[in-house]
Every structure is written in structure tokens, then in C-alpha cells.
Amino acid sequence: MARQTAVPLYCQICTKHQIEMKRPSVSIIVPVYHVEPYVEACLRSVMRQTYDGSMECILVDDCGTDESMAIAGKLIAEYTGAVSFKVLHHTHNRGLSAARNTGMDVATGDYLFFLDSDDELTDDCIESLAKPLEKEWHDVVMGCLKRYRILPSGQREYVESYLEQHLPHDVVFSPSTMMRTISEWQNMTAWNRLLRADFIRQNHLRFKEGLIYEDHLWSFQIACLASSFYVVSHTTYLYRYRDDGLSAPDDGRKYYNNLMIIIKDITAFVDERQIETDDYIYRVYRLFFYKLLDFHTTTLSDFVSTYQEMRPYVKAPVKSIIHANGFHIKKIFHDLHFMMPPFIASYWEYLCHRYFYVIVSGIKKQIIRDDE
């Protein structure tokens with residue numbers, strides 16, 4: 001009889017770990033609220049997934065008054081495929097952040113994926129995103145997307161994605177690269193990415209409830225804490241432009257009030273987690289702060305009061321100001337107010353916002369017209 005060779009225990013463990021890495025389980029979390037015209041296409045895209053690993057889809061009913069959940073219930077009842085569906089119900093409308101948190105609370109997957117219920121997945125979305133995990137379990141795996149709108153003819157018009165233009169593909173990249181894109185007002189979404197569930201839970205990451213554009217704060221926190229990101233060079237998500245709902249412009253005042261909350265929460269997060277303010281984090285502060293000020297340029301008193309209230313929350317070390325602007329004198333001048341006492345800086349920046357920048361912009365436009 002041939003002698004059997006025992007496999008060392010550590011080899012058994014390694015082999016088992018490698019097998020598990022090839023097929024992580026995935027929880028797709030779908031908040032549902034007033035998406036009656038879109039929810040069927042959304043769920044059918046989940047049902048068509050080609051991924052052969054374990055998948056569950058968690059629908060969170062956020063108490064809409066239309067037929068969204070009735071449509072979803074009928075589809076799930078007729079479905080016989082491999083995706084396991086769970087349906088959770090809120091007792092009252094709590095908003096997108098709360099719905100996502102509710103889904104996270106019951107998710108059992110190794111990775112989480114957030115899908116808005118008016119959008120769709122490509123058929124191989126999860127398969128494509130999980131492919132890099134055969135070698136290493138990254139904290140975040142992101143895909144490319146296509147944005148589309150429905151034309152009056154009923155056809156789809158697709159628009160190229162920013163993600164395809166601004167991030168490296170099929171490589172592991174650093175958190176600083178992710179933070180750079182956020183500082184350029186890109187990639188601030190929760191959807192279209194696999195998020196390692198243990199990473200999310202160990203860092204106690206939750207969506208802030210009651211906040212508009214909660215993805216801004218969430219994406220910043222992810223970029224601060226994740227150790228590795230990966231982008232696949234493949235379209236995995238179909239984002240629908242809508243004339244209503246979350247895709248449409250919101251009330252300006254409400255949005256900028258929420259932007260003030262985001263700035264304050266970013267500072268609280270950086271302080272609590274003892275995160276050093278590097279060049280890219282400073283750029284994120286600057287981005288949000290200037291967008292806030294742009295809304296308050298109508299009156300001097302409104303601008304000054306907003307500036308003086310929010311300036312203490314903006315971390316702007318002189319070293320970061322200089323490095324972030326690449327020793328460019330003009331750009332440093334633009335951020336000069338961060339080096340001034342807040343009282344003086346508020347009036348200085350108002351004059352710059354109200355007059356100097358407008359004049360310079362007008363001159364540039366005139367020069368361009370003259371050249372044409």
C-alpha cells in the first residue's frame with residue numbers, strides 16, 4: 001500500500017485561506033424608497049449576476065407610499081436563482097443613511113456593496129469586482145461606471161464616467177491617491193464598490209443619519225482609514241440621471257447647511273482618530289470650505305459670520321498650504337487668508353471673493369474671446 005503523506009497543519013490553513021479568498025461572500029444592500037418606475041430593472045440586474053460565489057441582497061423598505069415594495073416582493077417571490085434575498089422594513093421613513101445602516105447591521109457577507117434602487121448593475125459587476133480578491137483581500141475594490149439618461153425616444157444616452165478618467169486601473173493604489181480625487185470633487189459615492197465588511201465594522205463606520213450627500217463624509221472617512229484600494233478597468237455600474245429624487249439638484253440652502261455639518265464632522269473625525277492633516281486632507285477642507293463660501297457671497301454680514309463660524313473647523317497648516325499649492329505664488333495668494341487671524345481673514349476673503357476673483361475671471365474670459 002502506498003504511504004500517505006500527511007499535510008502539515010499550517011499548509012492546510014494556508015490552502016483553506018486561499019480558497020476562501022477566491023470566493024468572498026457579498027452582501028448587496030438596496031434601500032428602497034419611491035422608486036416604482038425603476039426598482040424592477042434594479043433588482044433584475046442583481047438577479048442576473050454571473051458571480052458564482054455566495055451572494056445575498058438586502059432590501060430595506062424605507063416606508064415609501066408608492067408600489068416599489070409590492071413590485072420588489074413579486075419579483076422576489078418568482079425568483080429561483082442563487083441570490084438570497086432578505087427584506088427589512090423600517091417603521092417610518094428614516095432616510096438613505098439609516099436604510100444603509102440597517103442593511104449593514106444584518107449583512108453576513110465578507111464584502112458589502114451598496115446599490116441605489118434607481119440604478120443598475122452590469123451582469124458581471126460582482127464577478128469583476130471580486131476577481132482581484134483572488135490574490136489579496138483589499139479593503140476597497142472599485143469599478144468604473146456609465147451614467148445614462150433616458151431620452152424622449154426611450155433610448156439610453158450614456159455619458160463617460162469621471163472614475164474612468166481620474167484613477168489608475170487594475171492596480172493597487174494608495175489612500176493618498178483616493179484622497180486626491182476626493183479633493184477634486186470626484187469619487188464621493190458609497191455605491192459601485194466592494195467594501196471589506198471587517199474593515200467597516202472594526203473602524204465603526206456608519207452613515208450619518210439625516211444628512212444630505214452623506215456619501216461625501218463617508219468617502220472621506222474610508223479614504224482616511226483604508227489601507228488598500230483597487231480599481232478594475234471594467235464598467236460595473238449603471239447610474240441613472242433623474243429629473244427627481246437624489247440625482248436632481250436639491251434646495252441650495254439645505255445643501256449648504258449640510259455642508260457645514262460635513263466640515264465639522266470631518267474635523268471631529270480627524271481629531272478623534274488622530275489623523276495628521278497632510279496636503280490632500282487640507283485640499284478636502286479647502287474644497288468644502290470654498291464651496292460653502294461661494295453660497296454666502298451675497299451680503300458682507302452673511303459671508304463674515306459664516307467664515308468666522310466655520311474657519312476654526314478647517315485645519316490648514318502653513319506647510320500643507322505651501323505643499324498643496326506646489327509653491328505656486330498665485331495659488332498660495334488664493335489661500336493666504338488661512339494664515340490670517342479669522343476676523344481679518346473674513347473681510348479679506350470677502351473682498352477677494354466679491355471683487356478680485358470676479359475681476360480676474362472676467363479678464364481671463366475677455367482674453368480668451370480676443371484670441372478667438
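Only a predicted model underlies this, so the values are computations on that prediction, with no experimental measurement involved.

Caption draft 1: Local environment of the packing of helix α2 (residues 39-47) against helix α3 (residues 68-78). Between α2 and α3, whose axes approach to 9 Å, the crossing angle comes to 30°. Looking at the two axes, α2 sits roughly parallel to α3. Crossing handedness for the pair α2 and α3: right-handed. Side by side, α2 and α3 meet where Val39, Glu40, Leu43, Arg44 and Met47 of the first sit next to Ser68, Ile71, Ala72, Leu75 and Ile76 of the second.

Caption draft 2: A look at the pattern of salt bridges. This model, assessed by the stated rule, comprises 21 salt bridges. Across the pair Arg149 and Glu157 runs a salt bridge, and its minimum N-O distance is 3.1 Å. With a relative accessible area of 34%, Arg149 lands in the partly exposed category. Three or more residues joined by partner-sharing salt bridges are found here, namely Arg23, Asp52, Lys131 and Glu134.

Caption draft 3: Up close: the nonpolar core. If you look at the biggest cluster of nonpolar residues, it comprises 63 residues, and the most contacted ones within it are Ile200, Trp218, Phe220, Ile222, Ile266 and Phe288. If one sorts the elements of this core by residue count, helix α11 (residues 279-295) sits on top with ten residues. Other than its neighbours up to four places away in sequence, Phe288 contacts Trp185, Met188, His216, Leu259, Ile262, Ile263 and Ile266. Listed in part, the 39 residues of the second largest apolar core include Met47, Cys125, Ile126 and Leu133.

Caption draft 4: Structural view of a nonpolar patch on the surface. Together, Leu300, Phe343, Ile344 and Tyr347 line one region of the surface with nonpolar side chains, adding up to about 400 Å² of accessible area. With respect to the helices and strands, the residue Phe343 is situated in helix α15 (residues 342-371). A relative accessible area of 54% means that Phe343 is categorised as exposed.

Caption draft 5: The arrangement of the side chain of Asp335 in detail. Its place among the elements puts Asp335 in the loop between α14 (329-334) and α15. Using a relative accessible area of 1% as the deciding quantity, one classes Asp335 as buried. Side chain to side chain, Asp335 and Tyr282 meet in a polar contact 2.6 Å long. Excluding residues that lie within four positions of it along the chain, Asp335 makes contacts with Tyr282, Arg286, Tyr290, Ile321 and Asn325.

Caption draft 6: Quick peek at helix α12 (residues 300-310). Considered for burial, the residues of α12 that qualify are Phe303, Val304, Thr306, Tyr307 and Met310. All buried residues of α12 lie within an arc of 165° about the axis, which places them on one face of the element.

Caption draft 7: Here's a closer look at the pairing of strand β3 (residues 84-89). With six bridges connecting them, strand β2 (residues 55-61) and β3 associate as parallel partners. Bridge pairing in β3 links Asp61 to His89. In this fold, β2 hands off to α3, which returns the chain to β3; that crossover is right-handed.

Rules of the game
Residues numbered from 1 in each chain as written. Predicted model: local features only at pLDDT ≥ 70, side-chain atom pairs only at ≥ 80, totals over all residues. Heavy atoms only, no water. Axes fitted to C-alpha atoms, helices over the stretch in contact; angles between N-to-C directions. Helix = DSSP H or I, 4+ residues; strand = E, 2+ residues; numbered from the N terminus. Parallel < 35°, antiparallel > 145°, perpendicular 65-115°, else oblique. Left-handed = near helix turned anticlockwise from the far one by under 90°. Contact = heavy atoms within 4.5 Å. Salt bridge = Lys/Arg side-chain N within 4 Å of Asp/Glu carboxyl O. Buried < 20%, exposed > 50% of the residue type's maximum accessible area, 1.4 Å probe, protein only. Core = buried A, V, L, I, M, F, W, Y, C linked by side-chain atoms within 4.5 Å. Patch = residues over 30% accessible without salt bridge, like charges linked within 9 Å, V, L, I, M, F, W, Y side chains within 5 Å. Areas by Shrake-Rupley, 256 points an atom, 1.4 Å probe, with all protein chains shown as cover. Polar contact = N/O pair within 3.5 Å; in protein donor to acceptor, adjacent residues only side chain to side chain. Arc of directions from axis to C-beta. Pairing = 2+ DSSP bridges. Right-handed = clockwise from strand over helix to strand, strands pointing away.

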